[in-house]
Every structure is written in structure tokens, then in C-alpha cells.
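Next come the chains, spelled out residue by residue.
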Amino acid sequence: MTTASAPGKVYLFGEHAVVYGEPAVPSAISRRARVTAERRADSRLRVHAEDLSLDGFTVEYSGETDSTPDVDVSPGLVRAAMGYVDAAVSQAREATDAPEAGFDITIESEIPLGAGLGSSAAVVVAGIEAATRELGVELGTEEIADRAYRAEHEVQEGQASRADTFCSATGGAVRVEGEDCRAIEAPDLPFVIGFDGGAGDTGELVAGVRELRERYPFAASTVETIGDLVRQGERALAEGDLEELGTLMDFNHGLLSSLGVSSRSLDRMVWAARDAGAHGAKLTGAGGGGCIVALDPTDGTESALGFTPGCEEGFRAELDDEGVRVE
Ligand SMILES: Nc1ncnc2c1ncn2[C@@H]1O[C@H](COP(=O)(O)OP(=O)(O)O)[C@@H](O)[C@H]1O
Ligand SMILES: C[C@@](O)(CCOP(=O)(O)O)CC(=O)O
Ligand SMILES: [Mg+2]
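Analysis parameters
Residues numbered from 1 in each chain as written. Chains lettered and ligands numbered in written order. Predicted model: local features only at pLDDT ≥ 70, side-chain atom pairs only at ≥ 80, totals over all residues. Heavy atoms only, no water. Helix = DSSP H or I, 4+ residues; strand = E, 2+ residues; numbered from the N terminus. Buried < 20%, exposed > 50% of the residue type's maximum accessible area, 1.4 Å probe, protein only. Areas by Shrake-Rupley, 256 points an atom, 1.4 Å probe, with all protein chains shown as cover. Lys, Arg positive; Asp, Glu negative; His and termini not counted. Charge placed at Lys NZ, Arg CZ, Asp CG, Glu CD. Expected span 1.5 Å × (residues − 1). Core = buried A, V, L, I, M, F, W, Y, C linked by side-chain atoms within 4.5 Å. Domains from an automatic or database assignment. Contact = heavy atoms within 4.5 Å. Buried area = accessible area lost by both parts, 1.4 Å probe. UniProt positions renumbered as here; feature names shortened; annotations may be inferred. Polar contact = N/O pair within 3.5 Å; in protein donor to acceptor, adjacent residues only side chain to side chain. pLDDT = per-residue confidence, 0-100. Pairing = 2+ DSSP bridges. Near = heavy atom within 4 Å. Nonpolar A, V, L, I, M, F, W, Y, C, P; charged D, E, K, R; others polar. Axes fitted to C-alpha atoms, helices over the stretch in contact; angles between N-to-C directions. Left-handed = near helix turned anticlockwise from the far one by under 90°. 1 Å grid on protein atoms, 1.4 Å probe; cavity = no way out; pocket = protein on both sides within 12 Å on 5 of 7 lines; lining within 4 Å. Points joined across faces, edges and corners; volume = space filled by probe spheres on them.

1. Details of the overall build of the protein chain
For step 1, the next point in the chain: The secondary structure content of the protein chain amounts to nine helices and twelve strands.
For step 2, the next point in the chain: Looking at the protein chain residue by residue over its 327 residues, the buried ones come to 54%.
For step 3, the next point in the chain: Roughly 13,400 Å² of accessible area belongs to the protein chain as shown, and the carbon and sulfur atoms make up 45% of that amount.
For step 4, the next point in the chain: Put simply, the protein chain has 27 plus and 59 minus side-chain charges, and the middle of one group is 2 Å from the middle of the other.

2. Concerning helix α3 (residues 141-155)
For step 1, the next point in the chain: Here α3 is 15 residues long and its end C-alpha atoms lie 21 Å apart, about the 21 Å a rise of 1.5 Å per residue gives.
For step 2, the next point in the chain: The first or second residue beyond α3 is E157, which carries a positive phi of 50°.

3. Digging into the nonpolar core
For step 1, the next point in the chain: Grouped together as the largest cluster of nonpolar side chains are 97 residues, with contacts concentrated most on F103, I105 and F191.
For step 2, the next point in the chain: With eight residues, the single largest contributor to this core is helix α2 (residues 119-134).
For step 3, the next point in the chain: Looking at which domains feed residues into this core, each of domain 1 (2-184) and domain 2 (191-317) supplies at least three.

4. Side note on the domain arrangement of the protein chain
For step 1, the next point in the chain: When its domains are assigned, the protein chain resolves into domain 1 (2-184) and domain 2 (191-317).
For step 2, the next point in the chain: Computed over C-alpha atoms, the centres of domain 1 and domain 2 are 24 Å apart.
For step 3, the next point in the chain: With 29 residues of domain 1 in contact, the opposing surface of domain 2 contributes 42 residues.
For step 4, the next point in the chain: Across the interface of domain 1 and domain 2, roughly 2,800 Å² is buried in total on both sides, 66% from carbon and sulfur atoms.
For step 5, the next point in the chain: The largest per-residue losses of area from domain 1 upon contact with domain 2 belong to F13, H16 and Y20, which jointly make up 26% of the total buried on that side.

5. Some remarks on the UniProt feature "active site" (unreviewed entry) in the protein chain
For step 1, the next point in the chain: UniProt records the feature "active site" (unreviewed entry) at D164, using the numbering of this structure.
For step 2, the next point in the chain: In this structure, D164 sits in helix α4 (residues 163-170).
For step 3, the next point in the chain: Setting aside residues no more than four positions away along its own chain, D164 makes contact with K9, Y11, G118, A121 and E152.
For step 4, the next point in the chain: A polar side-chain atom of D164 sits 2.8 Å from a polar atom in the side chain of K9.

6. Brief notes about the confidence of the model for the protein chain
For step 1, the next point in the chain: Overall, the prediction assigns the protein chain a mean pLDDT of 92, with 91% of residues at 70 or greater.
For step 2, the next point in the chain: On the interface metric, ipTM, the complex scores 0.96, and its pTM is 0.92.

7. Some thoughts on the pairing of strand β8 (residues 191-195)
For step 1, the next point in the chain: The buried count for β8 comes to five of five residues, which makes it a mostly enclosed element.
For step 2, the next point in the chain: In the sheet, β8 pairs with strand β11 (residues 313-317) via five bridges, with the strands oriented antiparallel. Bridging from a neighbouring strand, G194 pairs with G314 of β11.

8. Some details on the environment of A49
For step 1, the next point in the chain: With respect to the element layout, A49 can be found in strand β3 (residues 45-49).
For step 2, the next point in the chain: In this structure, the C-alpha to C-alpha distance between A49 and V223, residues 174 residues apart in sequence, is 36 Å.

9. Things to note about the site of ligand 2
For step 1, the next point in the chain: Near ligand 2 there are 17 residues, and of these K9, H16, G118, S161 and A286 occur at the shortest range.
For step 2, the next point in the chain: Here an oxygen atom of ligand 2 sits 2.9 Å away from a polar atom, N or O, in the main chain of A286.
For step 3, the next point in the chain: Summarising the interface, the protein chains cover 96% of the accessible area of ligand 2, which totals 380 Å² for the free molecule.
For step 4, the next point in the chain: Those elements that provide at least two residues to the shell around ligand 2 are β1 (2-13) and α5 (202-215).
For step 5, the next point in the chain: Of the residues contributing to the shell around ligand 2, the split by class is seven nonpolar, seven polar and three charged.
For step 6, the next point in the chain: Two domains share the shell around ligand 2, each providing at least three of its residues, namely domain 1 (2-184) and domain 2 (191-317).

10. Some remarks on the packing of α3 against α4
For step 1, the next point in the chain: Between α3 and α4, the shortest axis-to-axis distance is 8 Å and the interhelical angle comes to 145°. For α3 against α4, the interelement crossing comes out right-handed. In contact with T141, E142, A145, A148, Y149 and E152 of α3, α4 contributes D164, T165, F166, A169 and T170.
For step 2, the next point in the chain: Its residues assigned to classes, the contact of α3 with α4 shows five nonpolar, three polar and three charged.

11. Details of empty space enclosed by the protein
For step 1, the next point in the chain: Within this structure, the stated rule accounts for one cavity of 30 Å³ or more.
For step 2, the next point in the chain: V35, V85, A88, V89, I105, I107, V123, G127 and I128 together form the lining of the largest cavity.
For step 3, the next point in the chain: For the lining of the largest cavity, the class distribution of residues is eight nonpolar, one polar and no charged.

12. Let's talk about α4
For step 1, the next point in the chain: For α4, the tally of buried residues reaches seven of eight residues, placing the bulk of the element in the interior.
For step 2, the next point in the chain: Within α4 the residues assigned to the buried category are A163, D164, T165, F166, C167, S168 and A169.
For step 3, the next point in the chain: Close packing links the buried residues of α4 with β1, β2 (25-40), α2, α3, β6 (173-177) and β7 (180-184).
For step 4, the next point in the chain: Backbone geometry just after α4 places G171 at a positive phi near 75°.

Laid out in C-alpha cells, this is it:
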């Protein structure tokens with residue numbers, strides 16, 4: 001039995017635009033997904049995922065072809081929910097040259113699902129590490145990141161960047177532009193996260209931005225403008241200029257909003273943070289619902305979020321320098 005964990009992340013800048021080759025800067029946070037893999041005698045896959053929003057269930061099936069989950073929800077929903085785990089196990093089988101390997105998989109996660117904190121990447125990264133180690137193979141961090149990217153790419157129907165998976169695999173703050181992924185220096189960042197209790201569908205939201213980009217040249221320019229903003233943000237990050245970082249986060253939120261990926265509750269939380277004196281605030285990840293991230297060294301934002309209609313939880317998160325690890 002092997003357990004591995006990997007962190008979630010927030011985007012300081014650049015989500016969505018990163019899908020089209022612009023740079024992005026995500027940062028790992030101190031909330032993790034833990035995946036335990038136990039080798040089975042047969043080639044079946046049994047997945048136990050307490051935190052999956054389908055109300056805590058156990059699925060048993062032998063592969064993509066004849067999945068018959070023993071749960072009272074539509075098979076389509078279950079397949080969508082289990083896609084990331086399936087894809088992680090496929091990558092682990094391929095990496096270890098063990099196409100018939102079966103596992104009992106248990107997932108425990110502190111990262112809300114589909115809320116922009118990279119739960120899918122953390123589950124895939126930790127899943128690949130746990131399953132390959134269980135088979136006695138030690139992959140390097142780069143290979144885990146690359147295989148996790150391929151898994152997300154497949155599940156999100158070809159619409160994924162390397163940002164989430166690279167960040168979750170390596171930890172810390174990173175910069176991703178197309179294939180180019182690297183760690184960057186970052187000062188201590190006073191992240192405050194607001195969570196509306198909801199979720200967005202990453203695939204659908206990415207598809208929506210793609211359509212806008214194809215339909216309107218100014219939407220394509222908006223995506224490029226996000227790239228310019230990220231480059232400016234990198235300079236502010238290197239200088240540790242929190243005020244400038246905040247201003248750019250505010251701007252980034254406006255651009256994401258114009259691309260149609262914000263929501264009423266995300267906007268409310270962003271404004272609550274700004275009114276409470278945060279340096280800046282924006283939605284993080286795919287959007288549609290889920291989380292915002294603010295920069296605020298004081299208690300202002302956290303307590304304001306406690307009174308914000310539509311906000312279910314406000315909490316502080318530290319930058320996590322540690323990526324995937326065996327527990
Ligand atoms: N604790 C978990 N257990 C099982 N699957 C999970 C878990 N957390 C996330 N996932 C998978 O990741 C999906 C959510 O990923 P996504 O929509 O990309 O949102 P995000 O990465 O922003 O959290 C879930 O539908 C599920 O397939
Ligand atoms: C919208 C996007 O840029 C980030 C999605 O982040 P998350 O899965 O919502 O945490 C998509 C991607 O980069 O793959
Ligand atoms: Mg995701």
C-alpha cells in the first residue's frame with residue numbers, strides 16, 4: 001500500500017490565456033489531495049472517493065469499457081467524475097509497463113472540487129505517484145508532471161495547459177508558457193481564499209472562451225492582454241511589490257470577467273475583499289463558481305468574507321514549497 005499527496009494551487013495570474021500559449025503564474029498552496037494505491041491480484045480498479053461531490057461512494061469496475069458503478073447516480077456523471085482517476089491509473093500502467101495492473105484506490109482531499117484550486121491536478125499527480133511507487137517504479141518529478149498533464153489533457157478533451165499539473169508536481173510558484181515550465185522565486189504571499197461552495201465545469205468554461213476568441217478579434221486580443229499583464233506581474237513578483245501585484249490581480253479579474261468566466265458570487269467575494277482593503281482580488285482557475293484569491297496581510301478580507309452573501313468559507317492559505325511526495 002502506497003500513499004502519495006500533492007498540493008492544490010491558486011493562479012496569481014494567467015488562467016485561461018495559458019491554454020492559448022500565454023504565460024501564467026500559479027502557486028501551490030498548503031491544501032493537499034492524498035491518494036492511496038494498493039495493488040490487487042486482478043486487473044480491476046476499485047476507487048473509493050469520500051470527498052467526491054456524488055455524496056461519498058465506492059465504485060468498482062475493471063476499466064473504461066465495462067464500467068458498472070454500484071451507485072445511485074447517472075453513469076454519465078460518474079464517468080465524468082472518475083475520468084481523472086482512470087486517466088492517472090492509465091498513465092501509471094503505461095509508465096511501469098504494467099497494462100494489467102489492478103488497484104484499490106482511496107482518495108482523501110482537502111481541496112474543494114471543481115472550485116479553481118486544482119483538485120483534479122492534485123488527484124492526478126498524487127495518483128500517478130502512488131500507483132507507480134506501488135509497482136516499485138520511481139518517476140522523476142518532471143515525468144510525473146508530464147504524465148499528469150497528458151491525463152488532464154485527455155479528460156478535458158484536449159483543452160488543458162501544463163500549469164496546474166506542473167505546479168502541483170513541483171510545489172512553489174511556477175511560470176508556465178506552452179511547453180516551458182519552470183520554478184520561480186516568490187516572496188511570502190498573504191493569500192486569502194473565498195469559496196462560494198459551488199463549482200464550475202472546466203471543460204465547458206474553456207470551450208466558452210475558445211468560442212469567444214474565434215468569434216471576436218477583441219476577445220482574442222483580451223487573451224493576449226492577459227499575457228502582457230502576466231509579464232508585468234512577474235516583475236512585480238520578483239520585486240515583492242504586493243501593491244502592484246494586487247492592482248494587476250484586479251485587472252486580471254476584469255479581463256476574465258469580460259471573457260465570461262466570472263459569476264455573481266465570485267464578483268461579490270472579489271468586491272468584499274477589495275472593500276476590506278485587500279491589495280487585490282481575482283477569481284482563480286476555470287471560474288464559473290468556486291474560489292477567489294485575494295492578497296491581504298491583515299485580517300480584513302477573511303472577516304469580511306464571513307459576512308459576504310454567497311461566500312461559504314473564507315480562509316488563509318500559505319504558499320507550499322513542497323510538491324508531490326510519498327507519505
Ligand atoms: N477528492 C477527489 N476524489 C475524486 N476525484 C476528485 C477529487 N477531487 C477532484 N477530483 C476530480 O477532479 C474533478 C474536478 O476537477 P476540475 O473540474 O478541473 O476542478 P479543479 O481542478 O478546479 O478542482 C472532479 O470532478 C473529479 O473528477
Ligand atoms: C482554465 C485553466 O487555465 C485552469 C483551470 O484550473 P482549475 O482546474 O479550475 O483549477 C485550464 C488549464 O490551464 O488547463
Ligand atoms: Mg482542474
